[in-house]
Amino acid sequence: MATDIEKFVKAQGRDKLVKEVRQKIDALGVEYLYLQFVSVTGRICGKGIPADHWEAIAEKGFQLVYGATVNLFLNRHGDYLGYGPEAAELVGIPEPETFMQLPWDKRVARLWCTLFRNREEKKDPGAFLTADCRGNLRRIHEQFKKDHKGLHLRAGTEPEMMWLKRGEDGKPDGGYSNPYCYHIDQFESLRPVYMQVIKYARMMGLDMIQGDHEDAPGQLELNWTFDDVLRNADRLTTYRQICAQVARENNLIACFMSKPFMGVSASGCHHNISLWTGGKETFKPLGNDPKKLPGMKENYSYLSGGKNTFMPDTKDLQLPGKVGLMSIGGIVKHLGALTAIGCSTVNSYRRLWDTGFWAPVFADWGYQNRTTGLRVSAPGRFEYRAVDSMVNPYLMGAAILKASDDGIRKKIDPGKPENRNIYEAMEAGKLVKRLPMTLGEALEALRKDKEIQSAMPGEMFRLYTEYKQDEWERFLHTTTQWDQDMYLDCLP
């Protein structure tokens, strides 16, 4: 019986795509290839190879230690997180349809990879690697489509991030611009930066649609068209890679840390989601010559059309359709565990504690209500708000699918939408459940939630919780400046 890796490499049409990549390599003058995957924390990892070896790598893949999926970091006790040095090596197989030339160095191109267990493993040789968050999302989404007659998730993300000045010591030296929300003059001050980001993004398939200056120092939000949940996650990851490069070119720091400054807004990454049936692929060259694209056409494809099942099916335009309501019911039910994925760092919870900046802290939903964890931002679209700019979008997408699946299967009623300011509703006597307010509390909620755990199949749940528990414990056993300021002169 053929293994997963054998089926993947021998898939119908793949040989043709491999040959098309060779044609791209030769036509574009590409000399080197980045073979990329994403770790449990959303970090881009992988290997590089000379482009001469493309065909061999396309068939055999590359090998790398299992621990690379957990960043190959040590825990606070000095042991490797996730996998020890005795663990086998994974196999990464590049996906030819994701080939894309890097616009800042056209000698280099990147490809996303699917990860597998080693071919010589005694247990499940050549099987899909469950430590591959990107591969997991693809398979979970495919199963969701099968279970719900073609229903699929489309997502658009709103990645806020801050452009910080780099001091002489290489460390952050404040934001590049002033914290004036929607101020065009502050936006203009960052024009050389965001125009370069947009240029690179369009070349790499991101259909940029709008942007603005937010209300923190150097804080920008640039958005692109929503799409299939996996492709959108790839584009968010690519966007981060682009920002890092533009920061190097301008001697700045591209900061995706959620809360580098108190007293101003944090960087969220709201996920706008909807469940659809049908639709078709639309090709968008985005200013590139369609005959000389720097990447394969898949990079420039977007799902359009079809039926949005979240659209209202009554005269009340603020009330989603039946599928949408059940999906909301599932998401609201699982908001506690979802927070461990959407707010994935110790620093994430500074965003929730620094009140007055519209961060969601309550497990409720409403129409255009920014004080709840989920809001109906427009007819047919939900904005999942308990998520920040450090999120791993592949884990988040998988978890949203599992929560929606639970809501649809069990026909969960989300209750009436809360359209009051949630604080006023509580003063009026409404009992509202808070979201977890620390990473430790969120991890406890995740450990109790089997449905959201199923978004992390196989070894992924163990790896994620092991990594994040260590992160939480590192924080708890660290003395900070706050400790000294608070207690140094406390007695006598």
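Up top is the structure these notes are about.
Scoring rules and cut-offs
Residues numbered from 1 in each chain as written. Predicted model: local features only at pLDDT ≥ 70, side-chain atom pairs only at ≥ 80, totals over all residues. Heavy atoms only, no water. Helix = DSSP H or I, 4+ residues; strand = E, 2+ residues; numbered from the N terminus. Buried < 20%, exposed > 50% of the residue type's maximum accessible area, 1.4 Å probe, protein only. Contact = heavy atoms within 4.5 Å. Areas by Shrake-Rupley, 256 points an atom, 1.4 Å probe, with all protein chains shown as cover. Lys, Arg positive; Asp, Glu negative; His and termini not counted. Charge placed at Lys NZ, Arg CZ, Asp CG, Glu CD. Axes fitted to C-alpha atoms, helices over the stretch in contact; angles between N-to-C directions. Parallel < 35°, antiparallel > 145°, perpendicular 65-115°, else oblique. Left-handed = near helix turned anticlockwise from the far one by under 90°. Nonpolar A, V, L, I, M, F, W, Y, C, P; charged D, E, K, R; others polar. Salt bridge = Lys/Arg side-chain N within 4 Å of Asp/Glu carboxyl O. Phe/Tyr/Trp six-rings, centres within 6.5 Å; stacked < 30°, edge-to-face > 60°. Lys NZ or Arg CZ within 6 Å of the ring centre and 35° of its normal. Pairing = 2+ DSSP bridges. Polar contact = N/O pair within 3.5 Å; in protein donor to acceptor, adjacent residues only side chain to side chain.

Draft legend 1. Spatial organisation of the overall build of the protein. Along the backbone of the protein there are 16 helices and 19 strands. Expressed along its principal axes, the backbone C-alpha trace of the protein runs to roughly 65 × 60 × 50 Å. Across the 492 residues that make up the protein, the buried fraction comes to 55%. Here the contacts in the protein between residues at least 6 apart in sequence split such that 72% fall between residues at least 24 apart. If you sum the accessible surface of the protein, you get close to 22,100 Å²; carbon and sulfur atoms cover 53% of it. Where the 66 positive side-chain charges of the protein centre and where its 64 negative ones centre are 5 Å apart.

Draft legend 2. Region of the structure containing the packing of helix α4 (residues 133-147) against helix α11 (residues 393-410). At a closest axis distance of 8 Å, the pairing of α4 and α11 adopts a crossing angle of 20°. One element, α4, and the other, α11, form an angle in the roughly parallel class. In this structure, α4 meets α11 at a crossing whose hand is left-handed. Residues Cys133, Arg134, Leu137, Ile140, His141, Phe144 and Asp147 of α4 pack against Tyr394, Leu395, Gly397, Ala398, Leu401, Lys402, Asp405, Ile408 and Arg409 of α11. Each residue belonging to the contact of α4 with α11 can be placed in one class, and the counts come to 9 nonpolar, 2 polar and 5 charged.

Draft legend 3. Seen up close, the packing of helix α9 (residues 335-342) against α11. Running from amino to carboxyl end, α9 crosses α11 at an angle of 170°, the nearest separation of the two axes being 9 Å. Taken together, α9 and α11 sit at an angle that is classed as roughly antiparallel. Both α9 and α11 take part in a crossing whose hand is left-handed. Taking contact as the criterion, the partners of Leu338, Ile341 and Gly342 in α9 are, on α11, Leu395, Met396, Ala399, Ile400 and Ala403.

Draft legend 4. Examining unusual backbone geometry more closely. In this model, Leu491 is joined to Pro492 through a cis peptide bond whose omega is 5°. Structurally, the position occupied by Pro492 is in the segment after α16 (481-487). A positive phi angle is found at Tyr182, which is not glycine, with a value near 60°. Here Tyr182 shows up in the loop between β8 (172-175) and α5 (184-189). The class for Tyr182 is exposed, based on a relative accessible area of 59%. One non-glycine residue, Leu286, lies in the positive phi region at around 60°.

Draft legend 5. Molecular detail of the pattern of salt bridges. Summed over all chains, the structure comprises 28 salt bridges. Note that Arg22 and Glu55 form a salt bridge whose closest N and O atoms lie 2.8 Å from each other. Of this pair, Arg22 sits in helix α2 (residues 14-28) while Glu55 sits in helix α3 (residues 54-60), and the two are 33 residues apart along the sequence. Its relative accessible area of 35% is what places Glu55 among the partly exposed residues. In this structure, Glu471 and Lys468 form a salt bridge, with 2.9 Å as the shortest nitrogen-oxygen distance. Taken together, the positions of Glu471 and Lys468, both in helix α15 (residues 460-476) and 3 residues apart, correspond to about one turn of that helix. Put simply, Asp227, Arg231, Arg235, Glu281 and Glu298 are held in one network by salt bridges that share partners.

Draft legend 6. View of the packing of aromatic side chains. Taken as a whole, this structure holds 14 aromatic pairs when the rule is applied. Ring centres of Trp482 and Tyr487 lie 5.6 Å apart, and the angle between their planes is 85°; on these two criteria the pair is classed as edge-to-face. In this structure an aromatic cluster arises from ring pairing among Phe8, Phe116 and Phe128. Over the ring of Tyr302 we find Lys284; its NZ or CZ atom is 4.9 Å from the centre of that ring.

Draft legend 7. Structural detail: the pairing of strand β9 (residues 208-213). Pairing of β9 with strand β10 (residues 219-224) involves 5 bridges; the strand directions are antiparallel. Within the sheet, the bridge partner assigned to Gly211 lies in β10 and is Leu222. Taken together, β9 and the strand that follows it, β10, pair antiparallel across an intervening segment of 5 residues, in which Gly218 is found at a positive phi of about 65°.

Draft legend 8. Region of the structure containing the side chain of Asp227. Mapped onto the elements of the fold, Asp227 is located in strand β11 (residues 227-228). A polar side-chain atom of Asp227 sits 2.7 Å from a polar atom in the side chain of Arg231. Ignoring sequence-local partners within four residues, the contact set of Asp227 consists of Leu153, Arg154, Ala155, Asn232, Arg235, Ser301, Tyr302 and Leu303.

Draft legend 9. Expanded view of the side chain of Arg235. In this fold, Arg235 is placed in helix α7 (residues 229-249). Residue classification places Arg235 among the buried positions, given a relative accessible area of 5%. When neighbours within four sequence positions are excluded, Arg235 is seen to be in contact with Gly205, Leu206, Trp224, Asp227, Glu298, Asn299, Tyr300, Ser301 and Tyr302.

By themselves, these observations are geometric and do not establish any function.
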